[in-house]
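These are the residues of each chain, in order.
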Amino acid sequence: MSFAFSDIPDQTGKTAIVTGANTGIGFAIAEGLARKGARVLLACRDADKAQEAQERLASGHERADTEFLPLDLANIASVRDAAEKAGEEERIDILVNNAGVMMPPLSHAPGGSELQFAVNHLGHFAFTSLLLDKLAADGGARVVSQSSLAHRGAEIDFDNLDAAKGYGRTKFYGQSKLANLLFALELDRRLRATNSPVVSIACHPGIAQTELTRHLGVVGDLFGSLVGLVLNSSEQGALPALQAATDPEAKGGDYYGPYGLREMSGRTSGRAIASKTARDPQLAQRLWEKSIELTGIDPGLEPAPAD
């Protein structure tokens, strides 16, 4: 099973939200959807960068229907505002939770959580939760969560989510991406248990060129350039998310990645391998409950019955 850009079906009449859509992989996801006819809301913090992205999308030969949706995932008040504005759309067919921060110096979100966990996981948990009713309308939407190969070997340190007991950039990044995958699979289980029409699917971009390495300085710039040449470009890294968002054969609980060497690169996308930890329903339930506690937002979905 493999999926190529040529396999993306027409998206005319659909509305998609892509977080972090102003640059890198997020922009490529937004572009892939817009070029196929979808209306795309670019959900990001920086209005100027969002405008630049809109202008780039408008420069193509196809007409791109886009709009800026202000969203700061580190700030729950901003997440609430963005969800309220998004709720004014006639419909939402696709939500791609793509935005992220990678290996910054230690910093915290307004709520006190370490920034990577707050932005990459908690913000998306809250945003998705607030939009569930809207996503369930019109036959049900797809929620796509962007994880990473970095989830492998990672653990959730529930006693140190604020990094007060120590901080390692790589460790905390892996923790946040494990949280993304745990959330995506737990969301699928809970949606299925309630017979919701909403579908939750996960993906990862392999090792792809991205601006997330900006916090690594010169080394990050060099690494990003080499990755784009040797492994995946931003466009190739976007393909698994586009498969998750549009493939007619995709199902809830699926996990997609590059269909190449060790899932690091590839010109097509296909089924990816989630770690045993990521597939642990007890861990996912604990993360779910902790996420409600830290965000103050409850999706209102009961746990799925144990197998």
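If you're wondering where the values come from, they're calculated on a predicted model, not measured in any experiment.

Engineer: For this particular structure, what's the right way to read the environment of Tyr256?
Structural biologist: Counting through the fold element by element, Tyr256 comes out in strand β7 (residues 255-258). Among the residues examined, Tyr256 registers a relative accessible area of 0% and is labelled buried. Residues Tyr256 and Leu191, spaced 65 residues apart in sequence, show a C-alpha to C-alpha distance of 19 Å.

Engineer: Quick question: what am I supposed to make of the sheet that holds strand β1 (residues 15-19) here?
Structural biologist: What holds strands together in a sheet is hydrogen bonding between their backbones, with the strands either parallel or antiparallel. A sheet is described by the order of its strands in space; here 8 strands give the open sequence β3-β2-β1-β4-β5-β6-β7-β8, paired in mixed fashion. Across the chains shown, the open sheet's two edge strands, defined by having one partner strand only, are β3 (65-70) and β8 (269-271). On average, each strand axis in the sheet is tilted by 25° relative to the strand beside it, whichever way the strands run. As paired elements, β1 and strand β2 (residues 39-44) share 5 bridges and run parallel to each other. Across the sheet, Thr19 pairs through a bridge with Ala43, a residue of β2.

Engineer: Is there a simple way to think about empty space enclosed by the protein in this case?
Structural biologist: Where empty space is left can be seen by rolling a probe of water-molecule size over the atoms. In total, this model carries 2 cavities of 30 Å³ or more according to the counting rule given. Approximately 40 Å³ is the volume found for the largest cavity. Elements represented by at least two residues in the lining of the largest cavity include exactly α4 (115-136), β5 (142-146) and α5 (169-193). Tallying contributions element by element places α5 first for the lining of the largest cavity, with 3 residues. Roughly 30 Å³ of internal volume is contained in the second largest cavity. For the lining of the second largest cavity, the secondary-structure elements that each account for two or more residues are α5 and α8 (281-295). When residues of the lining of the second largest cavity are assigned to their parent elements, the largest contribution, 4 residues, is made by α8.

Rules behind the numbers
- Residues numbered from 1 in each chain as written.
- Predicted model: local features only at pLDDT ≥ 70, side-chain atom pairs only at ≥ 80, totals over all residues.
- Heavy atoms only, no water.
- Helix = DSSP H or I, 4+ residues; strand = E, 2+ residues; numbered from the N terminus.
- Buried < 20%, exposed > 50% of the residue type's maximum accessible area, 1.4 Å probe, protein only.
- Pairing = 2+ DSSP bridges.
- Axes fitted to C-alpha atoms, helices over the stretch in contact; angles between N-to-C directions.
- 1 Å grid on protein atoms, 1.4 Å probe; cavity = no way out; pocket = protein on both sides within 12 Å on 5 of 7 lines; lining within 4 Å.
- Points joined across faces, edges and corners; volume = space filled by probe spheres on them.

The values are spatial; any link to function lies outside them.
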